[in-house]
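Chain by chain, the residues:
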Amino acid sequence: SGKRADEKEKIDPDVVLFNANTLLLRLDDTIEKENWGIKIGVENLPDSLNDYWFLGNQIEHFERMLVNTKKHIQITFDSGHSLLTRGSLNLNTLYEFAKKKGKRVGNIHFHQNNGFIGCVGRGNLMELDQHRFPTPKGLPIFDECIRLAVKDRVPLTLEIDIAHYTIPSLSA
């Protein structure tokens, strides 16, 4: 495109949300028409850092992206991303939104990180979202995620970055 790598394009959030909704509506219709038998999960994302803007870290984003979508477009809740959201978007608000709008939380990405602990000002989200093994002590919503998965038969996808762990050799 001829732009320097350090130049950032200004984006209009309203345009991006409109385009996301247009894409999701088209996908929903195509999945139905072509009988693909798949579901699309729109995932919550962490707060923005370093002047970037992310979709999916506010309930308003979900309201605007999912308007008029049907059964093929669902919600994916990411437990680690919720630890990197300073606002009101959490498991309960997203689940209540889904119920109110006739949507389904179709998958839970299950992992933990340290949240914003140790992050001063600008940070690198890739470093903050460590994808560590979830534990009841390290993930405040551990029990809620398990309860939702069991109650509503929502798959839990364990998202673990094995680079954080030593794998012992197996004995014969």
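The following paragraphs examine the structure supplied in this document. This structure is a prediction, so every number in the text was calculated from the model and none was measured.

Some thoughts on unusual backbone geometry
Backbone geometry at Asn35 places phi at a positive 55 degrees, although glycine is not the residue there. Within the secondary structure, Asn35 sits in the loop between helix H1 (13-34) and strand S1 (40-43). Classification of Asn35 by relative accessible area gives exposed; the value is 66%. A positive phi is found at Arg153, a non-glycine position, where the angle reads about 55 degrees. You can see Arg153 is positioned in the loop between helix H6 (142-152) and strand S4 (156-158).

Topic: the pattern of salt bridges
In this structure the tally under the stated criterion is 5 salt bridges. With a shortest N-O distance of 3.6 Å, Glu96 and Lys99 are connected by a salt bridge. Of this pair, Glu96 and Lys99 both sit in helix H4 (residues 91-100), 3 residues apart, which is roughly one turn of that helix. For Glu96, a relative accessible area of 46% puts it in the partly exposed group. Where salt bridges share partners, they join Asp14, Glu60 and Arg64 into one cluster.

Examining the sheet that holds strand S2 (residues 73-78)
If you walk across this open sheet you meet the 4 strands as S1-S2-S3-S4, and the pairing is parallel. With one partner strand each, in any of the chains shown, S1 and S4 form the two edges of the open sheet. Neighbour-to-neighbour, the strand axes of this sheet turn through a mean angle of 30 degrees, independent of strand direction. Summarising the sheet, S1 and S2 pair through 4 bridges and their orientation is parallel. Each residue of the ladder has a partner; that of Glu43, found in S2, is Thr76.

Re the environment of Val42
Looking at the secondary structure, you find Val42 in strand S1. Once the C-alpha coordinates of Val42 and Asn107 are considered, the two residues, 65 residues apart in sequence, prove to be 9.8 Å apart.

Observations concerning a positive patch on the surface
Where like charges cluster on the molecular surface, the positive patch consists of Lys39, Lys71, Arg104 and Arg153. Among the secondary structure elements, Lys71 is positioned in the loop between helix H2 (59-65) and S2. On the basis of relative accessibility, which here comes to 54%, the residue Lys71 falls in the exposed class.

Examining H6
Regarding H6, the residues found buried are Phe142, Cys145, Leu148 and Ala149. Projected down its long axis, H6 shows its buried positions confined to an angular sector of 140 degrees, all on one face. In H6, the exposed positions angled more than 90 degrees off the buried face are occupied by Arg147, Val150 and Lys151. Looking at the packing, one finds that the buried side of H6 touches S2, helix H3 (79-82), H4, strand S3 (105-110) and S4. At the C-terminal side of H6, Arg153 shows a positive phi close to 55 degrees.

Definitions and cut-offs
Counting restarts for each chain, with residues numbered from 1 along the sequence as it is written. The predicted origin of the model limits local features to residues at a pLDDT of at least 70 and limits the giving and counting of side-chain atom pairs to 80 or more, whereas totals for whole chains, interfaces and linings rest on all residues. For the side-chain quantities, the full set of heavy atoms in the structure was used; hydrogens and water were omitted. What counts as a helix is a DSSP run of H or I of at least four residues, what counts as a strand is a run of E of at least two, and both are numbered from the N terminus. With a 1.4 Å probe rolled over the protein chains alone, any residue whose accessible area is under 20% of its type maximum counts as buried; one over 50% counts as exposed, and the rest are partly exposed. The working definition used for a salt bridge is a side-chain nitrogen of Lys or Arg within 4 Å of a carboxyl oxygen of Asp or Glu. Between any two strands, pairing holds if DSSP finds at least two bridges. Note on method: axes are straight lines fitted to C-alpha atoms, helices fitted across the in-contact stretch only, with angles between N-to-C directions ranging 0 to 180 degrees. For patches, a residue must show more than 30% relative accessible area and have no salt bridge; joins then use 9 Å for like charges and 5 Å for nonpolar side chains, namely Val, Leu, Ile, Met, Phe, Trp and Tyr. To measure how exposed things are, a 1.4 Å probe is used in the Shrake-Rupley method; for residues, cover is taken only from the protein chains shown. By the counting scheme adopted, Arg and Lys are positive, Glu and Asp are negative, and His together with the chain ends is not counted. Charged groups are reduced to one reference atom each: NZ for lysine, CZ for arginine, CG for aspartic acid, CD for glutamic acid. To obtain the arc, one takes the directions from the helix axis to the C-beta atoms. Contacts between residues were defined by any pair of non-hydrogen atoms, one from each residue, lying within 4.5 Å.

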